[in-house]
Amino acid sequence: MSAPTIAGGTLVRARKALSVSAILRPLPLLVAAALCISPAPTRAQANGNGNGNGAIPTPEEYFGFAMGTSKKLARWDTIVTYFDLIAERSDRVMVDRIGSTTLGNPYLMITMSSPSNLAQLDDIRAASKTLAEGRVSRAEAEALADELPATVVINHDMHSTEVASSQTSVELVYQLATATDDDVQQILDEVVTVLIPSANPDGQIMVGDWYRQIVDTEFDEARMPYLYHSYSGHDNNRDYFQANLVETRHWMEVMWRTAYPQVYLDQHQMGGTGPRMFVPPYPDPMDPDIHPLQWQSLQFMGGGIVADLQRAGKKGVITGQMYRIWGQEGALTGRHHNIVALLTESASANLASPMEVTREQLEGRDDSYGFTMNFVDPWWGGEWTLGDIVDYQMIAAMSVLRQTARFRDQYVMGRWQMASETIARAEAEGPWGWVVPADQADPVAAADMARRLELQGIEVWQVTESFTATPVDPGLRPQNGDPRDLGIWSGDIDPDAESDDEGEGDSAQAGDEDDSGDSEDRDAEHPDEDSDADSEGDAGDADSAESRLLEPREIPAGSWVILAAQPGWAAVEDLMMPQGRELLYEYPDGPFMRSYDGAAYTMPMQMGVEALMLDEAADVELVAPSFEPAPVTLPSAREWFAMSTAISQAYHVANRLMAEGVPVSRTDAYFLVDAGHAEAPALLSALAEETGVPVTADPSGLGAIEPMTLSRVGLYQGWAGSMDEGWTRLLLEEYGFAPVTLANEDVRDPNLSDRLDVVIIPSEISLDRLIDGADEEDAPEGYRGGIGEEGVANLRAFVRAGGTLVTLERADALVLEHFDVPVKNSLEGLSGSEFFTPTSLYRTELDTEHPLAAGSPAEVAAKWAGGRAYEPTGWDGEAGRIRTVGRWATDPDRLLMSGLIVGEEHLAGKANILDVEYGDGHIYMYGFRVQHRAQTTGTFKLLFNALMKAGRRPMMD
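Keep in mind the model is a prediction, meaning the values are calculated, not measured.

(A) Quick look at the packing of aromatic side chains. Applying the stated rule across the entire model yields 32 aromatic pairs. Here W719 and Y783 contribute two aromatic rings whose centre-to-centre distance is 4.9 Å and whose plane-to-plane angle is 70 degrees, an arrangement assigned as edge-to-face. Here W719 is found in the loop between β28 (713-716) and α22 (723-734), whereas its partner Y783 is found in the loop between α25 (767-771) and α26 (788-800), with 64 residues between them in sequence. Overall, W719 belongs to the partly exposed group, its relative accessible area being 28%. The class of Y783 is buried, set by a relative accessible area of 18%. Within the aromatic cluster, the residues linked to one another by ring pairs are Y651, F671, Y735, F737, F940 and F944. The ring of W326 has R581 lying over it, and the distance from NZ or CZ to the ring centre is 4.1 Å.

(B) Layout of the packing of helix α7 (residues 164-178) against helix α13 (residues 386-406). Interaxial distance between α7 and α13 falls to 9 Å at its minimum, and their mutual angle equals 50 degrees. Taken together, α7 and α13 sit at an angle that is classed as oblique. Two packed elements cross with a definite hand, and for α7 against α13 that hand is right-handed. Where α7 approaches α13, its residues A164, S165, Q167, T168, E171, L172, Q175 and L176 are matched on the opposing element by L386, I389, V390, Q393, M394, M398 and L401. Class assignment of the residues belonging to the contact of α7 with α13 gives a composition of nine nonpolar, five polar and one charged.

(C) Broad picture of the sheet that holds strand β13 (residues 461-463). On the basis of which strands lie adjacent, the open sheet formed by five strands has the order β21-β12-β18-β13-β22 and antiparallel pairing. In this open sheet, the two strands that pair with only one neighbour each are β21 (612-614) and β22 (622-623). With two bridges joining them, β13 and strand β18 (residues 560-563) adopt antiparallel strand pairing. Bridging from a neighbouring strand, W461 pairs with V561 of β18.

(D) Fine view of a nonpolar patch on the surface. Judged by side-chain polarity, F371, M373 and V376 come together as a nonpolar surface patch covering roughly 350 Å² of accessible area. Inspection of the secondary structure puts M373 in the loop between α12 (359-365) and β11 (382-384). By relative accessible area, M373 is classed as exposed at 69%.

(E) Fine view of the nonpolar core. With 130 residues, the main nonpolar core has F83, V93, W251, Y264 and L401 as its most contacted residues. If one sorts the elements of this core by residue count, α13 sits on top with eleven residues. Residues within four places of L401 in sequence aside, it is in contact with V152, I154, L172, L176, I187, V191 and T193. Y231, A637, V860 and A869 belong to the second largest nonpolar core, which has 70 residues in total.

(F) Spatial organisation of the pairing of strand β5 (residues 191-196). The buried fraction of β5 is high, at six of six residues. As paired elements, strand β3 (residues 106-112) and β5 share three bridges and run antiparallel to each other. Looking at β5, one finds that I110 is bridged to L195. In the sheet, strand β4 (residues 150-155) pairs with β5 via six bridges, with the strands oriented parallel.

(G) Layout of the pairing of strand β38 (residues 911-918). Of all eight residues that make up β38, seven are buried, and the element is covered over most of its length. Both strand β36 (residues 882-888) and β38 contribute to a ladder of five bridges, which runs antiparallel. Following the sheet pairing, I882 is matched in β38 by V916. Here β38 hands over to strand β39 (residues 921-926) after two residues, with G919 in that stretch at a positive phi of 60 degrees.

(H) Spotlight on the sheet that holds strand β25 (residues 670-674). The strand order across the open sheet formed by five strands is β26-β23-β25-β24-β27, and the pairing between neighbours is antiparallel. Each edge of the sheet is formed by a strand with only one pairing partner; in this case those strands are β26 (696-697) and β27 (706-707). As paired elements, strand β24 (residues 664-666) and β27 share two bridges and run antiparallel to each other. The residue of β27 that forms the bridge with S665 is P707. On the sheet, helix α20 (residues 648-659) packs against β23 (640-644), β24 and β25 and is oriented at approximately 140 degrees with respect to β23.

(I) Representation of the environment of V436. Along the polypeptide, V436 turns up in strand β12 (residues 433-436). Note: C-alpha distance between V436 and E610 (174 residues apart in sequence) is 6.3 Å. Those residues in contact with V436, other than ones at most four positions away along the chain, are A446, M449, S559, W560, I562, V609, E610 and A611.

Rules and cut-offs
- Residues numbered from 1 in each chain as written.
- Predicted model: local features only at pLDDT ≥ 70, side-chain atom pairs only at ≥ 80, totals over all residues.
- Heavy atoms only, no water.
- Phe/Tyr/Trp six-rings, centres within 6.5 Å; stacked < 30°, edge-to-face > 60°.
- Helix = DSSP H or I, 4+ residues; strand = E, 2+ residues; numbered from the N terminus.
- Buried < 20%, exposed > 50% of the residue type's maximum accessible area, 1.4 Å probe, protein only.
- Lys NZ or Arg CZ within 6 Å of the ring centre and 35° of its normal.
- Axes fitted to C-alpha atoms, helices over the stretch in contact; angles between N-to-C directions.
- Parallel < 35°, antiparallel > 145°, perpendicular 65-115°, else oblique.
- Left-handed = near helix turned anticlockwise from the far one by under 90°.
- Contact = heavy atoms within 4.5 Å.
- Nonpolar A, V, L, I, M, F, W, Y, C, P; charged D, E, K, R; others polar.
- Pairing = 2+ DSSP bridges.
- Patch = residues over 30% accessible without salt bridge, like charges linked within 9 Å, V, L, I, M, F, W, Y side chains within 5 Å.
- Areas by Shrake-Rupley, 256 points an atom, 1.4 Å probe, with all protein chains shown as cover.
- Salt bridge = Lys/Arg side-chain N within 4 Å of Asp/Glu carboxyl O.
- Core = buried A, V, L, I, M, F, W, Y, C linked by side-chain atoms within 4.5 Å.

Functional significance is not addressed by these values, which are geometric in nature.
Here is the structure:
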């Protein structure tokens, strides 16, 4: 098939499908243990001995209990061996090892279909890919789709405390491997089922082992005191637009470079005192940039699932409520790529133990609990077991497969139709696309962003020669569109035809981005607060369009281009545009409507990357991108090799050099490496080539030079199970800070100052839990207690003696209540109607003279996932000088960069980063998460400078 023709750019070679290892190798944020991805998957091959019904043991025969048996959980290692056994004895099942998890366990992809389909699997996937790209004519698509099986991906065990789905996987594989009824035979003939039986195998093991430790003891409801993913815990499904976790990258390998599904099912669990299962459709609002066939298909298939559950006598199924999921941080991102993406949420038991639920509990949780047209057969209480959850999940999964088989052509052609019409809409409405210049303050972050976009299924191109472009100011992208109605969602569009002139050059788009809120689930919609937004969306106003033009720019060769006209246009708009979410209400005059996810991701803002939106097509060659750093030849240096402190990865290189014994010094603008050091050139050259960090020689105007030592960083963990701790640990490890994990007794150690320079207290740990921890009624022996008052006093002594204490967002309660610092959070006491801030991006102004702001511009986008607004309370107290390093934008009208805010006057001008002198040491209080989920590259340096400052030594005379 010839390469597609793109207006304004000729594709000079077909896009090359990169292997996951080739894509990941240059990623700077890597964990050594996670680099176990095989260049090609290993596979337990079917042996061709028919369906092997008599030779395959049932789950009960193999494990000693049926899946769903109360108080019994099959462990991941035994599940893997069972799947391998089935693959050896069935010609319907293939098991692929996509790679290794963070802790080295196998990450599996199981493919199930008829023997004839499996024999031509490569051809099926190639045809599915062509249809997913949407660039063939209808006639060509229909010819491909005529005999093409549909592909369904089912994802299980994302959240490992939701224990049922890994057990459901076992039952599902056994049924598809052995059943001989007409329904299963039709599924095998018409569908390729791709199962990810555990998206977090490490957590499946950890949670199961914890459960076996506490079951039938007095602590059988005790929370697991550590994260069930080594870095993210429950936040692992908040990683799907960044791919910091190796498990996320494995999932992306399955979705975007292997299976090319038309249908996706993700099976989760929810709280135990409400409906028994949620099934789509999702409640309003949803992203209108997603093709309407997606929403219609969800209603169609969701209705079938509900009907199948009802036929099986399963009560308590709710639709159209509860899961108001707009965006792409989770694994439902397939909706933005024309995949019919379904979520089911089953009521939980007490892990694998039965749970008794009363009618009073159900009604007490929601006073409207009862019959509605979204909830036609309420469940009124009783015993709820692991077996119930497995039953509901099996019925839902088989319903999806059965419906896909019966309406195969509808789903196969549906993905093509959505893709082709999405491309046509983008061509008609514009913009042409986004350019990420290669010559920016942090070129490594720019390449990293482009790589992450490609990794998640977005088409990214690269230019081979420089060109001149005139970017436009995108403004805020309104949630519900503008007066334009091009009637673009039309089945009559020919994807091969040229687009109209109508709407050309119009960059305003309808829709919004997703994000997570103060806690996992608390986020909401964002209004368009920008008074210019209406004019930006007026395609007929030439003066308005002209006023949005920015100064022409010379774009260098090697820059990246993200075209709007691609199948994932909705994803591109969601991730690249500043968002203006609409303020909605639960009911007239009611509370503000909260979304299940967040409000604004806008990757360029979060990552501190310049991305220019172009309305006009550029006449330039576009080629498949390369993310390999260019070969490095160090410049000739008389005294110093230099790396800019504006480049986040330069901090990584500096730490690695010091860890190898190479001396590093710094100024505010540069890291400096002694050019005369014997080992420096070879090691620096290798690190620069690995990370892509540019190295210059003998920069002028250096000013004061300070030699550095590696900072000894301690990160508190205790038994808190803080996701913020996990993400922070991941970030620090990947940037070479080698944090020491601190238990409660470590914080109480009177020799703390001899061991560490810095102590970090992460967010998401209440002050009570930090100090007191769990007691003997809540946790088994060995998992009790906190740092205690002794630990608080020891931290005060640590700082007075010259140590550095870092508090991340809510961890500031320790300082505000126990360090006698005359500062308060001025947001306390505000009502939800006075101050409403779902996760968004707000402008922060920095004191660029302060060492913490070294390498940063004067303004940055701060990720609000909960935050603070600091004000002084007086001049007394134990603290010395208190300096404001960062503050929320002084002008309330400039505060919102992407998302939503109500009550911006309560933030404007207030401090959000403080440097508190305390004895001979410092306390750095961060009122927003500068390191949020290891995603906010643009603000990493604000934390890194605090850590490195603790390790800097003044230059001797």
